[in-house]
Amino acid sequence: MADPKPGNAAPAKKAATGAYTPVGVSPDRRSRHKYTVRLWAVRHSRFFEWFYNRFAAAFLLLDPVWRLFGYQRVERPVTFVERHVKGFLFDCRMCGQCVLSSTGMSCPMNCPKQLRNGPCGGVRANGNCEVEPDMPCVWVQAWKGSQNMANGNAIMNVQKPVNQSLRETSSWLRVTAEAAAAREAASGKDA
Amino acid sequence: MAHIDENPLGPHLPLDPQPGHSSLGRLERVLRRGEFAVTAELNPPDSANPEDVYERAAIFDGWVDGINAVDASGANCHMSSVGICALLTRMGYAPIMQIACRDKNRIAIQGDVLGAAAMGVCNIMCLTGDGVQAGDQPGAKPVFDLDCMSLLETVRIMRDNSKFLSGRKLTTPPKVFLGAAINPFAPPYDFRPYRLAKKIEAGAQFVQSQYCFDVPMFREYMKKVRDLGLHEKCFILVGVGPMASAKTAKWIRSNVPGIHIPDSIIARLEGAQDQKKEGKQLCIDIINEVKEIEGVSGVHVMAYRQEEYVAEIVHESGVLKGRKPWTREPNPVDTLVAERLEEARAGKEQNQQEMAEIAAQHPH
């Protein structure tokens, strides 16, 4: 039988009535992760912020290339790379609308409640998650990460709800396409 | 003397809108007048009997300005908050409808907001909700389509812009006073005041806090809140409640997420002869301490399964200063319902031919 998790009302009773649960598996099957890389990324949020700014600029420079092939056609390979790179670094959940730069490089979709606007009221005194007692709260980490960043104040912005229809799409390409469109609109105004 | 929160033309009429107010409710009036507000939480019944709701609400008669209708608190299944609000507004109580993001997506939530406002709910409280693991059905699917912040923003857009989140227009916007929750007693402590600022930006007009047992910690939090000037933009109600015994307090501390109870409180309860009485006294003492803190506009008494003590606690702490909260609030459709009932009682004869013709010519 699974360990009765703290923060879980009458766990023994629930476990007795529920189905067999393997040891060490949380309701969301995330306790297998060790969070090491994710936490490392948050500790180095300043570097990632710097890198991401360069990276976004490079992607924007490549805009003619994306257009040559067509944004639709590069979507699949770019999404593949994005999923694996961000999956390794941030435990990315491919929501398709990345807010890492506003959340101290701690991916908010790893929060069991998928909160995008700050921590819930259930954070444990040791800074761990209410739902998953072994996981450091994503938002406690986000606050720490944002303190290192040059533009850490972005954590104060109220984020819109996730558009679920954009799941599993590339956030990098979307941001680039939007930036390119904005650039064109601006240059169109100047001319 | 006519009561201050009463329509001058008669108590049976709905309240007039006031300039600068976003709802027609009494809670907003009380808070905006600068009076110390008291709200309480109704223990939702596990039954389909309306009497249960009325019985539990009657305990608060004349003691509270608003009754929180909880939305499956602690992820335990109970009568829904919409259902409780429907019953309460029918009886003229002023409910504060809680909406938790755990169980409903944005489509259901926006529909509920309209339905609630139509029934006469004037106060809506936007919560994220406890995780499903905390409740009696841990195998349920956690929805969390919106979070409390985007929920606040959604209802604010519906009210102020008369629009759904999608941009589709509403013919009549919901006139509601928007609330949110705060928990100053959980990490990251530095971020908590800023989170309140975010909630205010998203639309919160009043907030109710989690149980406050650590007054020094709360004072520290309020200092930061005042530094940010947030107490002027939003009414802060402090959550308080009696603990039945030291054992209960210990259980709550280790089993209910987000409740911080210092060891000194438990020691005080343990040392008492009559722990229940001591728990009540402790609650009164905390109210007396927090009411003096600048920026506190009221208390939210959460006396789970001890609702009968709310009157005593409110009375003994003297926070109402002799003010008697109005017990009944007329529902806008009261007269319409009365007319309809009268008509049914009179047994007016129905001519079906005539009725069909009228229906056919109806513009909609």
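- Per an unreviewed UniProt entry, chain B goes by Methylenetetrahydrofolate reductase and derives from Mycoplana azooxidifex.
- We quote the UniProt Catalytic activity (unreviewed entry) comment for chain B here in full: "(6S)-5-methyl-5,6,7,8-tetrahydrofolate + NAD(+) = (6R)-5,10-methylene-5,6,7,8-tetrahydrofolate + NADH + H(+)".

- The name recorded for chain A in an unreviewed UniProt entry is Methylene-tetrahydrofolate reductase C-terminal-like domain-containing protein, from Mycoplana azooxidifex.

1. A few points about the overall build of chain B
No. 1: When its secondary structure is counted, chain B shows 13 helices and eight strands.
No. 2: Over its C-alpha trace chain B gives a radius of gyration of 22 Å, about what one expects of a compact globule, namely 21 Å for 364 residues.
No. 3: Reported as C-alpha extents along the three principal axes, the dimensions of chain B are approximately 80 × 45 × 45 Å.
No. 4: Classification of the 364 residues of chain B by burial places 46% in the buried group.
No. 5: A separation of at least 24 residues holds for 78% of the contacts in chain B among residues at least 6 apart in sequence.

2. Concerning the packing of helix α9 (residues 263-271) of chain B against helix α10 (residues 275-290) of chain B
Residue and element names in this part refer to chain B.
No. 1: One can describe the packing of α9 onto α10 by two numbers: an axis separation of 8 Å at closest approach and a directional angle of 140°. Classified by the interaxial angle, the pair formed by α9 and α10 is oblique. Side by side, α9 and α10 meet where I265, R268 and L269 of the first sit next to Q275, E278, G279 and L282 of the second.
No. 2: Broken down by class, the residue content of the contact of α9 with α10 amounts to three nonpolar, two polar and two charged.

3. Observations regarding the environment of A56 of chain A
Residue and element names in this part refer to chain A.
No. 1: Position of A56 relative to the elements: it lies in helix α3 (residues 45-61).
No. 2: Look at A56 and you get partly exposed, because 15 C-beta atoms sit within 10 Å.
No. 3: Once the C-alpha coordinates of A56 and T176 are considered, the two residues, 120 residues apart in sequence, prove to be 7.2 Å apart.

4. Re the UniProt feature "domain: Methylene-tetrahydrofolate reductase C-terminal-like" (unreviewed entry) in chain A
No. 1: Mapped onto the present numbering, the UniProt feature "domain: Methylene-tetrahydrofolate reductase C-terminal-like" (unreviewed entry) falls at residues 72-164 of chain A.
No. 2: Helix makes up 32% of residues 72-164 of chain A and strand 0%, with an end-to-end C-alpha separation of 19 Å.

5. Things to note about the packing of helix α8 (residues 246-255) of chain B against α9 of chain B
Residues and elements named next belong to chain B.
No. 1: One way to put it is that α8 packs onto α9 with a least axis distance of 8 Å and a crossing angle of 155°. Our classification of the angle between α8 and α9 gives roughly antiparallel. The segment α8 lies against α9, with A246, A249 and K250 engaging I265, I266, L269 and E270.
No. 2: Residues of the contact of α8 with α9, tallied by class, amount to five nonpolar, no polar and two charged.

6. Considering helix α2 (residues 36-43) of chain A
All names here are of chain A.
No. 1: For α2, every residue scored as buried is listed here: R38, A41 and V42. Taken down its axis, α2 places every buried residue within 100° of arc, on the same side. Exposed residues on α2 whose side chains face more than 90 degrees from its buried face are T36 and W40.
No. 2: Elements in contact with the buried residues of α2: α3, α5 (71-90) and α6 (138-148).

Parameters and conventions
- Residues numbered from 1 in each chain as written.
- Chains lettered and ligands numbered in written order.
- Predicted model: local features only at pLDDT ≥ 70, side-chain atom pairs only at ≥ 80, totals over all residues.
- UniProt positions renumbered as here; feature names shortened; annotations may be inferred.
- Helix = DSSP H or I, 4+ residues; strand = E, 2+ residues; numbered from the N terminus.
- Rg over C-alpha atoms; globule rule 2.2 N^0.38 Å.
- Buried ≥ 20, exposed ≤ 12 C-beta atoms within 10 Å, placed from the backbone.
- Contact = placed C-beta atoms within 7 Å.
- Axes fitted to C-alpha atoms, helices over the stretch in contact; angles between N-to-C directions.
- Parallel < 35°, antiparallel > 145°, perpendicular 65-115°, else oblique.
- Nonpolar A, V, L, I, M, F, W, Y, C, P; charged D, E, K, R; others polar.
- Arc of directions from axis to C-beta.

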